[in-house]
Amino acid sequence: MDIINSDSRGITILGSTGSIGVNTLDVIKRHSERFHVVALTAHRDSKRLFQQCVEFQPAFAVLVDAEKAPGLQQRLEASGCGTQLLTGVEGLERVAALAEVDYVMAAIVGAAGLLPTLAAVRAGKRILLANKEALVMSGQLFMKEVHDHGAQLLPIDSEHNAVYQCLPVGFERGLSKVGVERIVLTASGGPFRDTPLEALREVTPEQACAHPNWVMGRKISVDSATMMNKGLEVIEACWLFNTQPDQVDVVLHPQSVIHSLAVYADGSVLAQLGNPDMRTPIAHALAWPERLSSGVKPLDLIKVARLDFDAPDLDRFPCLRLAREALEAGGTATAILNAANEVAVASFLQKRIAFMDIPIVIDSTLESLDSRPADSLDVVLEADRLARQIAHQTLPRLAS
Ligand code: NAD
Ligand code: MG
């Protein structure tokens, strides 16, 4: 076994086999003297998890799907890899809170990331937060736990990471205290920005997942195509930056070069620019407050040549309006929004409903359930469960 440098940071990557997980390992590999992997986790992809264990030799791996675990266990033993294999959500929570872990990359997709990410928060870790759904579901609770346990929260979502980079240290006390009046989140508009509205009914999951600027997991790719992703990000921004919904603007910016902006009281507007590559925010959050190379090519402004901006069209992107309405309603409404969206997106990816049915499922779920104060984890999880049930009941009406 290699001797670990005492300054080296131990890292757990929740969701290591996904797009963010793979990019995180790429950055870590470039700085093996500064970071070592303590645990890697996957839902079902035992093949990729095995390859990652062989390469990074973590002390622990978690395969949530217990049925596939014996096969992986055998392969790990046969390869001489000393990794201990755990299963289930308990396994995720355990590796998120291990004493030898300093940083936790929260990169599980969807509500499934909430409990393990909260376990890392409660253990006072540095959380690199990609799993925006956790914050959308439980923002009030989540931020309180961060505060109570002295955890450090660094945003990985490129827009929030950009805003973070444009804010001075100390913004936690509120944006107005540091002279910031507004935040502007940029959005590419996804693959259907210019598709004729009538044609949107017929679009396929493959077309929806073909994002013009980013390579991402399938769920967030569909969210980008409906612009629910930007809606979730407005909610995420309000919690992360302790700000009001009407202080968070969304601007279409098809080139995805400006990742977001902070508007100061004196008229200054600070922006963070870069090639669209998630290794930049990942390296930023791993190294903060220092800087590290990430493997991302420097931005060539001459090649970029022009930057365009436009207002988002809410008729084309009703999900953005639904997200803002849920945010205004407050309480469990955003957990309901998130759960209904997850059900609708999964059904669209399975070709059970059409693309334009996604906002219909979400709207009717939000209409069916009252929002309650989201002041305990039980209340949030119950809202999530009920919303999934109602959203599922809506599907047969839509499926053709
Ligand atoms: P992905 O689908 O590529 O990967 C998801 C990961 O989560 C995989 O490792 C998978 O095994 C794991 N997972 C899925 N379901 C699980 C479950 N039920 N229990 C435990 N683990 C489970 O997704 P991604 O694109 O890497 O996105 C991950 C998160 O990061 C999402 O919340 C997304 O919104 C956010 N994010 C992603 C990007 C991006 O560029 N990919 C950018 C910003 C934010
Ligand atoms: Mg984003």
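**Here we look at the pairing of strand β3 (residues 60-63)**
Both faces of β3 are covered, namely the face carrying Phe60 and Val62 and the face carrying Ala61 and Leu63. Direction of pairing for strand β2 (residues 35-42) relative to β3: parallel, over a ladder of 4 bridges. Counted as the bridge partner of Leu40 is Ala61 from β3. Two elements, β3 and strand β4 (residues 84-87), share 4 bridges in a ladder whose sense is parallel. When the sheet's bridge partners are listed, Ala61 is paired in β4 with Leu85. Chirality of the crossover, the property in question, places the unit of β3, helix α3 (residues 69-78) and β4 among those that are right-handed.

**So, the coordination of the magnesium ion (ligand 2)**
Around the magnesium ion (ligand 2), the protein supplies Asp157 (OD), Glu159 (OE) and Glu233 (OE) as donor atoms, at distances of 2.1 to 2.2 Å. Binding-site remark: the magnesium ion (ligand 2) is held by donors from one chain whose sequence spacing is D-x1-E-x73-E. Remark: Glu233 occurs in helix α10 (residues 228-240) and Glu159 occurs in helix α7 (residues 158-166); sequence separation between them is 74 residues. Take Glu159: its relative accessible area is 8%, and that puts it in the buried class. On the basis of relative accessible area, Glu233 is assigned to the buried category, the value being 1%.

**Some points on helix α2 (residues 46-56)**
Turning to α2, its buried residues number three or more, namely Leu49, Phe50, Gln52, Cys53 and Phe56. Buried residues along α2 cover an arc of 165° about the axis, so they all sit on one side. Downstream of α2 by a residue or two, Gln57 has a phi angle that is positive, lying close to 45°.

**Looking at the packing of helix α6 (residues 132-149) against helix α14 (residues 333-349)**
One way to put it is that α6 packs onto α14 with a least axis distance of 7 Å and a crossing angle of 140°. By the angle between their directions, the pair α6 and α14 is classed as oblique. Here the hand of the crossing between α6 and α14 comes out left-handed. Listed contacts from α14 to Glu133, Val136 and Met137 of α6 are Thr334, Ala335, Asn338 and Glu342.

**Details of the site of ligand 1**
In the vicinity of ligand 1 there are 23 residues, among which Thr17, Ser19, His43, Glu133 and Gly217 approach most closely. Separating an oxygen atom of ligand 1 from a backbone N or O atom of His43 is a distance of 2.9 Å. Backbone polar atom of Ala130 to an oxygen atom of ligand 1: 3.4 Å apart, as the coordinates give it. Look at ligand 1: alone it shows 820 Å² of surface, and the protein chains cover 87% of it. Residues that form the shell around ligand 1 fall into these classes: 12 nonpolar, 8 polar and 3 charged.

What counts and how
- Residues numbered from 1 in each chain as written.
- Chains lettered and ligands numbered in written order.
- Predicted model: local features only at pLDDT ≥ 70, side-chain atom pairs only at ≥ 80, totals over all residues.
- Heavy atoms only, no water.
- Buried < 20%, exposed > 50% of the residue type's maximum accessible area, 1.4 Å probe, protein only.
- Helix = DSSP H or I, 4+ residues; strand = E, 2+ residues; numbered from the N terminus.
- Pairing = 2+ DSSP bridges.
- Right-handed = clockwise from strand over helix to strand, strands pointing away.
- Donors = N, O, S within 2.8 Å, 3.2 Å for Na, K, Ca; no water.
- Arc of directions from axis to C-beta.
- Axes fitted to C-alpha atoms, helices over the stretch in contact; angles between N-to-C directions.
- Parallel < 35°, antiparallel > 145°, perpendicular 65-115°, else oblique.
- Left-handed = near helix turned anticlockwise from the far one by under 90°.
- Contact = heavy atoms within 4.5 Å.
- Near = heavy atom within 4 Å.
- Polar contact = N/O pair within 3.5 Å; in protein donor to acceptor, adjacent residues only side chain to side chain.
- Areas by Shrake-Rupley, 256 points an atom, 1.4 Å probe, with all protein chains shown as cover.
- Nonpolar A, V, L, I, M, F, W, Y, C, P; charged D, E, K, R; others polar.

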